[in-house]
Amino acid sequence: MAEDPMRQPGAGQTRRRGAALEEVILRAAADELTASGYAGFTMDKVAARAGTNKNAIYRRWSNRLTLGIAAYRRLATAVPPPDTGELRGDVLEWLRQANRYWSSPLGALLRELLSAAGGASELLAQLQDQSGDAAAAPWLTILGRAVARGEACPEALHPRVATVASVLLRNEFVVRGAPTVPDDVLVEIVDEVYLPLVRRRGPNPS
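As the structure is a prediction and not an experimental result, all values here were calculated from the model.

Chemist: Can you help me understand the overall build of the protein chain in this one?
Modeler: Tallying secondary structure elements over the protein chain gives 11 helices and 0 strands in all. When the helices and strands of the protein chain are listed from N to C terminus, the series reads α-α-α-α-α-α-α-α-α-α-α. Out of the 206 residues in the protein chain, the part that is buried amounts to 38%. Contacts in the protein chain between residues far apart in sequence, at least 24 positions, make up 64% of those at least 6 positions apart.

Rendered as structure tokens:
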């Protein structure tokens, strides 16, 4: 029988509960998500890896999608935006990093979870902080430096404007189903859409 987290431990066993048990479950969920992908990710498999029962998991995560998202967030790591000294270089390098990520096994997990989340905005927001301030922050950093250098207009410092390039890249994966995006497409996004957009929102920078 699987372990009850509240049961008194026997010989050689350590009772796990609260934060300690949650940590064990999350670690097991992250391992299972990596091994099986979301399609093969089940509460039964996570419980077996964690050495606990499904009730202990359901008390913390209501379904496999919420647990899968929590496991994904454990796997994902934040990286600082590049600073090449000029706007085009920063945006292009940031897009290239994002493209490598979306093309990786971890990016494939993200695409599976995005598809499973459907239109659930709360769940989408939890995935890599897809929406809100967290998603816009690195782009606003890049754009803020460009404004200070006179490469972009101050009016461009708006989250929806700042993140346009990342939205276009994400669409290539999520909408078009591309396994990776050719570099010439990234260059096109930067040169034909992003740079003209951030330079046209007010008087042209000198």
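Chemist: Explanation requested: the side chain of T163 in the structure shown.
Modeler: Relative to the helices and strands, T163 resides in the loop between α9 (159-162) and α10 (164-174). Separated by 2.8 Å, the side chain of T163 and the backbone oxygen of P159 make a polar contact. Those residues in contact with T163 that sit more than four places away from it in its chain are A135, A136 and W139.

Chemist: Just checking my understanding: could you explain the pattern of salt bridges for this structure?
Modeler: Here the idea is simple: oppositely charged side chains can pair when their charged atoms come close. All chains considered together, the criterion is met by 12 salt bridges. Here D90 ties to R145 by a salt bridge, and the two come within 3.4 Å at their closest N and O atoms. Here D90, found in helix α5 (residues 87-103), pairs with R145, found in helix α8 (residues 133-149); they are 55 residues apart in sequence, far enough to count as distant. Note on D90: relative accessible area 0%, which makes it buried. Among the ionic pairs, R100 bridges to E93, the shortest N-O distance being 3.5 Å. It is possible to trace a salt-bridge network through shared partners that takes in D83, D90, R145, R149 and E151.

Chemist: Sorry if this is basic, but what is going on with the environment of A48 here?
Modeler: For A48, the location among the structural elements is in helix α2 (residues 43-50). What makes A48 exposed here is its relative accessible area of 61%. Here the alpha-carbon distance between A48 and A28, two residues 20 residues apart in the chain, equals 8.6 Å.

Chemist: When you look at the confidence of the model for the protein chain in this model, what are you seeing that I'm missing?
Modeler: Confidence in the prediction for the protein chain averages 85 pLDDT; 84% of positions are at 70 or higher. Here residues 1-13 scores under 50 on pLDDT; set against residues more than four positions off or in separate chains, the count is 23 contacts. Counting contacts from residues 202-206, a segment whose pLDDT is below 50, to residues more than four positions away or on other chains yields 10 contacts.

The rules we used
- Residues numbered from 1 in each chain as written.
- Predicted model: local features only at pLDDT ≥ 70, side-chain atom pairs only at ≥ 80, totals over all residues.
- Heavy atoms only, no water.
- Helix = DSSP H or I, 4+ residues; strand = E, 2+ residues; numbered from the N terminus.
- Buried < 20%, exposed > 50% of the residue type's maximum accessible area, 1.4 Å probe, protein only.
- Contact = heavy atoms within 4.5 Å.
- Polar contact = N/O pair within 3.5 Å; in protein donor to acceptor, adjacent residues only side chain to side chain.
- Salt bridge = Lys/Arg side-chain N within 4 Å of Asp/Glu carboxyl O.
- pLDDT = per-residue confidence, 0-100.

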